[in-house]
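Reading the structure
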Amino acid sequence: MTPVTAGRARPAHVRRRRRFSAAAPSWLFAAPALAVYALIVLYPAVAGVVYAFTDWSGIGRDMSFVGLENFRTLLADEQAMGSIGNTLLLTVAIVVVQNGVGLLLALGVHVKLKSRALLRVIFFAPVVVSPVMVAFLWKYIYNPDPSAGLNGLLGLHVDWLGDPSIALWSIAGMVVWQNAGYSMVIFLAGLEGVPRELHEAAMIDGAGTGQRFRYVTWPLLAPALTINLMLSTIGGLKLFDQVFAATNGGPGYATETLSTVLYKQAFVFGKFGYSTAVALVLALFVAAVSLIQVSYLRSREVAV
Amino acid sequence: MTDLLHHARVSRGQFLRMMGGLAAATLATTACSTRPETTATTGGGGATTELKFIGVADQKAPMDELAAAYGKATPAVRLTASYAPTDQVQTSLRTQLGAGNAPDLHVVYPGNGSAMSMTQIAQAGLLADLSAQAWTKTIPAGFKPAFQLEGKTYLYSAGSSVIGAVYNKKVFQQAGIDAPPTTWSEFLAVCDKLKKAGVTPIALGAQTPWVTQLITYALVPSTVYAKDPTFDDKQLAGQATFAGSGWHQALEMYLELQKRGYFNDKPNGTTFEQQTAMVATGKAGMAVQVSAVLPDFRKAAASPDDLSMFPLPGADDAAQVWIPAGVVVGLGAAAKGRNVEQAKAFIDFLGRQENINAWAKAIAAIPLTQDASSTIDPAVQSFLPFTKDRAVPFMDQRWPNAEVQPVHFAVVQELLAGDSTIDEALKKMDEAYRK
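Residues numbered from 1 in each chain as written. Chains lettered and ligands numbered in written order. Predicted model: local features only at pLDDT ≥ 70, side-chain atom pairs only at ≥ 80, totals over all residues. Heavy atoms only, no water.

As annotated in an unreviewed UniProt entry, chain B carries the name Sugar ABC transporter substrate-binding protein and comes from [Actinomadura] parvosata subsp. kistnae.

As recorded by an unreviewed UniProt entry, chain A carries the name Sugar ABC transporter permease and is attributed to [Actinomadura] parvosata subsp. kistnae. The record held by UniProt for chain A lists under Sequence similarities (unreviewed entry) the comment "Belongs to the binding-protein-dependent transport system permease family." (UniProt positions renumbered as here; feature names shortened; annotations may be inferred.)

**Focus on the packing of aromatic side chains**
Residues and elements named next belong to chain A. Applying the stated rule across the entire model yields 33 aromatic pairs over all chains. Each ring, one from Trp138 and one from Trp177, has its centre 5.6 Å from the other, and the planes form 65°; the classification is edge-to-face. Linking Trp138 in helix H6 (residues 131-141) with Trp177 in helix H8 (residues 167-192), this pair joins segments that are 39 residues apart in sequence. A relative accessible area of 37% means that Trp177 is categorised as partly exposed. (Phe/Tyr/Trp six-rings, centres within 6.5 Å; stacked < 30°, edge-to-face > 60°. Helix = DSSP H or I, 4+ residues; strand = E, 2+ residues; numbered from the N terminus. Buried < 20%, exposed > 50% of the residue type's maximum accessible area, 1.4 Å probe, protein only.)

**Section: the side chain of A:Asn228**
Residue and element names in this part refer to chain A. Within the secondary structure layout, Asn228 lies in helix H11 (residues 222-237). The exposure class of Asn228 is buried, given its relative accessible area of 2%. At 3.2 Å, the side chain of Asn228 forms a polar contact with the backbone oxygen of Ser183. Sequence-distant contacts of Asn228, that is, excluding residues within four places in its chain, are made with Asn99, Ser183, Ile186 and Phe187. (Polar contact = N/O pair within 3.5 Å; in protein donor to acceptor, adjacent residues only side chain to side chain. Contact = heavy atoms within 4.5 Å.)

**As for the pattern of salt bridges**
Applying the stated criterion across every chain, the model contains 18 salt bridges over all chains. Close ionic contact of A:Glu200 with A:Arg196 constitutes a salt bridge, the shortest N to O distance being 3.6 Å. Separated by four residues within a single helix, A:Glu200 and A:Arg196 lie in helix H9 (residues 196-204), roughly one turn from each other. In this structure A:Arg196 comes out as exposed when scored by relative accessible area, which is 57%. Between B:Arg298 and B:Asp377 there is a salt bridge, with the nearest N and O atoms lying 2.8 Å from each other. Remark: B:Asp377 occurs in the loop between strand E13 (366-367) and helix H15 (384-387) and B:Arg298 occurs in helix H12 (residues 294-300); sequence separation between them is 79 residues. In this structure, a network of salt bridges that share partners links the residues A:Lys271, B:Glu403 and B:Lys435. (Salt bridge = Lys/Arg side-chain N within 4 Å of Asp/Glu carboxyl O.)

**Considering the nonpolar core**
Residue and element names in this part refer to chain B. Within the largest apolar cluster, 86 residues are counted, with the highest numbers of intra-cluster contacts made by Phe187, Leu194, Trp247, Leu257, Met286, Trp399 and Met429. When residues of this core are assigned to their parent elements, the largest contribution, eight residues, is made by helix H8 (residues 214-225). Setting aside residues no more than four positions away along its own chain, Met429 makes contact with Phe242, Trp247, Trp399, Val404, Val407, His408 and Val411. Ranked by size, the runner-up nonpolar core spans 55 residues in total, among them Phe53, Val56, Trp135 and Tyr154. (Core = buried A, V, L, I, M, F, W, Y, C linked by side-chain atoms within 4.5 Å.)

**Here we look at H11(A)**
All names here are of chain A. For H11, built from 16 residues, the straight-helix expectation of 22 Å at 1.5 Å per residue is met to within 8% by its first-to-last C-alpha distance of 22 Å. All buried positions along H11 are accounted for by Ala222, Pro223, Ala224, Leu225, Thr226, Ile227, Asn228, Leu229, Ser232, Thr233, Gly236 and Leu237. In this structure, the buried residues of H11 make contact with helix H4 (78-110), H8, helix H10 (209-220), helix H13 (258-268) and helix H14 (272-299). (Expected span 1.5 Å × (residues − 1).)

**With respect to the pairing of strand E11 (residues 323-327) of chain B**
All names here are of chain B. Across the five residues of E11, five count as buried, placing the element largely inside the fold. Side chains Ile323, Ala325 and Val327 of E11 all project onto a buried face; the interleaved residues Pro324 and Gly326 project onto the opposite face, where all are buried too. Judged from the three bridges that link them, strand E7 (residues 159-168) and E11 form a sheet pairing that is antiparallel. The partner of Ser160 across the bridge, within E11, is Val327. Note: E11 against strand E14 (residues 391-392), two bridges, orientation parallel. Opposite Pro324, over in E14, you have Val392 as the bridge partner. (Pairing = 2+ DSSP bridges.)

**Comments concerning helix H10 (residues 247-259) of chain B**
Residue and element names in this part refer to chain B. With 13 residues, H10 should cover 18 Å at 1.5 Å per step; its first-to-last C-alpha distance of 18 Å lies within 8% of that length. Taken together, the buried positions of H10 are occupied by Trp247, Ala250, Leu251, Met253, Tyr254 and Leu257. Around the axis of H10, the buried residues are gathered within 155° of arc, so they sit on the same side. Turning to H10, the residues buried within the fold contact helix H7 (184-196), strand E8 (200-202), H8, helix H9 (231-236), helix H16 (404-416) and helix H17 (422-434). Positive backbone phi, at 75°, marks Gly261, one or two positions downstream of H10. (Arc of directions from axis to C-beta.)

**Regarding the interface of chain B and chain A**
Between chain B and chain A, the contact holds 46 residues from the first and 55 residues from the second. Interface area, chain B with chain A, both sides summed: about 4100 Å², of which 61% is carbon and sulfur. Counting across the chain B and chain A interface gives two salt bridges. A:Asp145 is the partner of B:Lys283 in a salt bridge, and the nearest nitrogen-oxygen pair spans 3.6 Å. At the junction of chain B and chain A, the tally comes to six residue pairs in polar contact (both at pLDDT 80 or more). For the side of chain B that touches chain A, the elements supplying multiple residues, two or more each, are helix H1 (12-33), helix H3 (86-99), helix H4 (118-123) and H16 of chain B. (Buried area = accessible area lost by both parts, 1.4 Å probe.)

**Things to note about the packing of helix H5 (residues 116-124) of chain A against H8(A)**
Residues and elements named next belong to chain A. Closest axis-to-axis distance for the H5/H8 pair is 8 Å, and the angle between their directions is 140°. With respect to H8, the element H5 is oriented oblique. Between H5 and H8, the residues in contact are Arg120, Phe123 and Phe124 and Gly181, Tyr182, Met184, Val185, Leu188 and Glu192, respectively. The residue inventory of the contact of H5 with H8, partitioned by class, reads six nonpolar, one polar and two charged. (Axes fitted to C-alpha atoms, helices over the stretch in contact; angles between N-to-C directions. Parallel < 35°, antiparallel > 145°, perpendicular 65-115°, else oblique. Nonpolar A, V, L, I, M, F, W, Y, C, P; charged D, E, K, R; others polar.)

**Let's talk about unusual backbone geometry**
Trans peptide bonds make up the majority, and among non-glycine residues the majority have a negative phi. Of note, the bond from A:Gly250 into A:Pro251 is cis; its omega dihedral lies within 30 degrees of zero at -10°. Inspection of the secondary structure assignment puts A:Pro251 in the loop between helix H12 (241-246) and H13. Even without being glycine, A:Asn248 reaches a positive phi, approximately 55°. Mapped onto the elements, A:Asn248 comes out in the loop between H12 and H13. Residue B:Ala364 is not a glycine yet carries a positive backbone phi of 55°. Along the polypeptide, B:Ala364 turns up in the loop between helix H14 (353-362) and E13. Looking at B:Ala364, the relative accessible area reads 3%, which means it is buried.

Given below as structure tokens:
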């Protein structure tokens with residue numbers, strides 16, 4: 001638990017003086033940073049929205065406003081609508097499995113093992129590798145040859161990335177492999193914050209390991225869970241690199257996600273206007289899902 | 001404890017100071033990195049022009065060689081080149097073109113049909129007109145649509161490559177095959193012999209999207225264009241469709257190879273690299289590929305001489321066999337760059353016969369124009385009798401938009417997976433064509 005900061009303990013007149021003397025000028029100090037932020041993040045983002053209502057090809061100056069045409073096209077676009085289904089399936093799979101595995105890893109390396117520091121490093125290691133590298137690596141692991149890669153290891157004969165009914169889950173698998181360590185670290189931070197006294201009190205009351213997890217650890221992990229669920233949901237909804245490098249949306253359209261569709265519309269088909277419209281829908285969708293998720297999860301967090 | 005983030009407590013003052021510092025640092029870095037981009041002074045004090053080229057990985061070998069030669073001949077111009085795989089170039093280059101800061105020279109794909117193709121970029125007014133250069137006068141008539149838009153030349157390309165079967169001569173010999181097949185039935189018989197000899201007859205790396213199209217491309221010249229050389233024009237005029245043409249037969253033949261078990265197991269999960277290795281190491285007899293990747297196969301083989309090519313016969317009458325021969329990926333000069341004249345001068349240099357020869361040799365292509373010193377890779381010799389009047393450009397080069405080709409990739413994967421029918425596949429391609 002963080003100790004209560006000194007400022008809160010100060011008498012009222014001290015606090016008031018600080019507010020008058022320090023707070024006003026310090027926003028001025030932030031002005032350069034805010035200006036840079038506005039210039040390189042806010043302005044391009046807002047300026048980009050305009051293109052969603054045009055038929056711009058991405059090159060040249062020819063452009064005309066088409067109103068909501070791009071959004072109507074999106075609703076009728078089989079491929080884009082199919083990709084929404086894929087995106088949701090991938091997201092659910094990643095959120096559930098990644099956080100489940102992450103939690104188990106965190107509980108595993110939280111106990112007093114001699115090698116726990118090493119294990120933490122090993123489990124976290126895939127997180128620092130570039131997602132594209134991971135995808136290329138897994139393309140070798142997912143070799144359909146029965147004597148190679150994962151098939152060879154497990155004695156299977158599965159066409160991991162080439163079978164349309166499996167490919168999506170194979171991608172989910174490699175994303176989980178890469179990011180479970182990230183969830184683990186956040187859960188670990190949460191576990192470190194569970195007061196020992198509560199566990200001791202529960203033990204005195206006769207609670208076993210399972211009960212202590214259920215009634216002490218789990219409720220207190222709620223903030224860590226909120227962050228993990230939110231980050232993995234956002235990550236899943238806008239998943240691009242791994243899909244692009246591993247299957248490029250194939251076989252057929254089996255692993256096409258909203259992100260790969262908007263990429264292709266812009267850079268392969270030269271339809272920047274339409275692509276921006278897809279991007280806008282994706283951004284609003286991600287924002288809406290995250291807001292709902294966070295407000296629900298926050299409501300179940302408990303204070304110690 | 002209410003929020004994990006509260007663990008990292010930073011006072012507002014600290015936070016704002018940090019942000020201010022970050023902003024100052026950003027500005028400082030930006031200021032430092034602003035340096036003149038086009039001119040660099042050499043030791044002697046004379047200014048040299050720096051030409052920037054962005055290309056695809058396939059262009060590295062010939063471009064490095066010729067850029068060095070140009071540097072020797074024209075010391076006042078220095079060419080800096082960067083290369084990336086096709087997808088990345090397509091992304092970054094289009095963004096640069098859109099933003100109006102294109103490099104002086106950049107990769108351009110022949111004809112139409114892709115986002116970085118000559119027609120699409122020239123239409124936007126972003127390519128310099130090369131028509132005044134001498135080499136453009138000798139472009140063979142059949143190739144003109146690949147180089148020219150409305151009679152003006154916007155593309156430089158060193159020649160053409162063909163699609164056919166890259167085969168392992170040793171494997172063929174061991175299976176008792178003396179000569180490459182010249183008809184479809186002979187081709188099936190060859191596959192059968194290879195299969196009986198215990199090797200995979202045809203390696204197919206359909207996990208890599210562009211590989212999916214090659215077998216159709218190799219067959220369609222015989223099933224479509226041999227019967228109607230004006231098919232493209234009719235299709236553009238809306239008088240012909242994929243579904244109502246020999247495309248149907250070509251896809252049937254494609255799937256027949258699969259049904260007979262002539263492909264490696266699980267082609268949709270096999271990559272181009274694995275396909276290459278299978279043929280190079282003799283695990284497979286052949287792969288239908290474009291001649292431009294012959295160097296990749298040779299690199300992977302124990303002895304490069306083991307590999308050669310033959311035209312894939314798409315008809316049962318040898319006289320009705322046509323082949324696909326497409327202009328190889330080339331380059332163009334940015335119309336609005338700061339060094340348009342120097343960039344055009346470099347292209348003029350590339351247009352000299354000896355440089356066309358050098359470029360073509362590096363990628364096993366057939367030189368655009370030939371003289372006594374032109375060399376033609378022995379592996380593609382067997383295609384030369386076709387190039388005069390039984391060859392058609394790669395199909396996508398005449399397609400009206402960039403959507404047909406990716407749809408073709410996707411439907412082939414669906415067909416190989418058994419998730420679609422030929423009728424559905426061609427219907428999708430026709431829909432994309434009409435967009």
